[in-house]
Amino acid sequence: MSTQRHNTAIARTMEFTAHDLAQNRRGDLSPLQHQKLAVMRDMFIEDLNAVPPLHIPSIVRLIVIGLVAGVLYVFGVFDRLQQGLDAWYRPLLLGSGLLLLGSFLWTQFRYAAVRAWLPDVLDDMVEAPTLYSVTGEAVLDVEDLPTETNYWLTIGDQRFPLTTHAARVFQTGHIYRVYYVHFADTTVLMSAEWLNDKSR
């Protein structure tokens, strides 16, 4: 496959233009790529708003601990502990309860804080994103899960998620230069090119 044909297939699959790639080579994102990041931000915030305002796992954990404590109380475990620990029983029980409550409140606070400042962080990522690039030999990985299959592209020390179509275009062992940004909790490929003269 010729260099031009292969790079055209990459661009078509990853939905970037020659202008986008030229901008990335200069270390910038194109206006179209800025718009794509803005769309990703809006989708991310929409998903965030759909999430319950409280940290549900910590609430479930607190309920389970309460139920277990109730069962132990019914079977007299606490009475036996009180007899065995004597004067230490109340301080230990109170301390354990305070630690449990403090852990629960701290988890809820962190969860609420992240929900509050994350939109501003995403806005900064869209308005002033940092573009990175890495060049190296491509390694493709497939991760088979019970409900889905994930495809990954590794170049150097960077690992990128791929769509099914993109995984069919990149070829293991070929040398690519890819341009990417860090967005939220993932690494987003903005463009890529096959360096045919450096392939092995």
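One can find the structure itself at the top, above this paragraph.
Residues numbered from 1 in each chain as written. Predicted model: local features only at pLDDT ≥ 70, side-chain atom pairs only at ≥ 80, totals over all residues. Heavy atoms only, no water.

### Thoughts on the nonpolar core
Put simply, the test is: Residues belong to a common nonpolar core when they are buried Ala, Val, Leu, Ile, Met, Phe, Trp, Tyr or Cys residues joined through side-chain atoms within 4.5 Å. Note on exposure labels: buried denotes an accessible area under 20% of the residue type's maximum, exposed denotes more than 50%, and partly exposed covers the range between, all computed with a 1.4 Å probe on protein chains only. Should any heavy atoms of two residues lie within 4.5 Å, those residues are counted as being in contact.
Of all hydrophobic cores here, the largest spans 36 residues; its most connected members are Ile 10, Leu 153, Phe 170, Tyr 176, Val 178 and Leu 189. Other than its neighbours up to four places away in sequence, Leu 153 contacts Ala 138, Val 139, Leu 140, Gln 158, Arg 159, Phe 160, Leu 162, Phe 170 and Leu 189.

### Let's talk about the environment of Ala 167
To be explicit about the condition: Put simply, DSSP marks the helices as runs of H or I at least four residues long and the strands as runs of E at least two long, and each gets a number from the N terminus on.
With respect to the helices and strands, the residue Ala 167 is situated in helix α7 (residues 164-169). The class of Ala 167 is buried, set by a relative accessible area of 16%. Along the chain, Ala 167 and Val 114 lie 53 residues apart, while their C-alpha atoms are 33 Å from each other. Sequence-distant contacts of Ala 167, that is, excluding residues within four places in its chain, are made with Leu 140, Tyr 151 and Leu 162.

### As for unusual backbone geometry
Although it is not a glycine, Glu 15 adopts a positive phi angle of roughly 60 degrees. Counting through the fold element by element, Glu 15 comes out in the loop between α1 (3-14) and α2 (18-25). By relative accessible area, which is 58% here, Glu 15 ends up exposed.

### Some details on the pairing of strand β5 (residues 186-194)
To be explicit about the condition: Two strands pair if DSSP finds at least two bridges between them.
In terms of burial, β5 is largely enclosed, as eight of its nine residues are buried. Bridge count between strand β4 (residues 175-183) and β5: eight bridges; the pairing is antiparallel. Following the sheet pairing, His 182 is matched in β5 by Thr 187. Two successive antiparallel strands, β4 and β5, enclose a turn made up of two residues, where Ala 184 displays a positive phi of approximately 55 degrees.

### What to know about the sheet that holds strand β3 (residues 158-162)
For clarity, the cut-off: To obtain each axis, a line is fitted to C-alpha atoms, and for helices this fit is confined to the stretch in contact; angles are then taken between N-to-C directions over 0 to 180 degrees.
Pairing is antiparallel in the open sheet, where five strands are placed in the order β3-β2-β1-β4-β5. In this open sheet, the two edge strands, each paired with only one partner strand, are β3 and β5. Sheet twist, expressed as the average angle between the axes of neighbouring strands with direction ignored, equals 45 degrees. Here six bridges tie strand β1 (residues 132-144) to β4, and the two strands are oriented antiparallel to one another. Looking at β4, one finds that Thr 135 is bridged to Arg 177. Each of β4 and β5 touches α2; the most contacted strand, β5, lies at about 105 degrees to it. Across the sheet, helix α3 (residues 31-50) is in contact with β4 and β5; its angle to β4 comes to roughly 45 degrees.

### Regarding the environment of Asp 28
Examined against the element boundaries, Asp 28 turns out to sit in the loop between α2 and α3. When the C-alpha atoms of Asp 28 and Tyr 89 are compared, they prove to be 64 Å apart, with 61 residues separating the residues in sequence. Setting aside its immediate chain neighbours within four residues, Asp 28 contacts Gln 23, Gln 33 and Leu 131.

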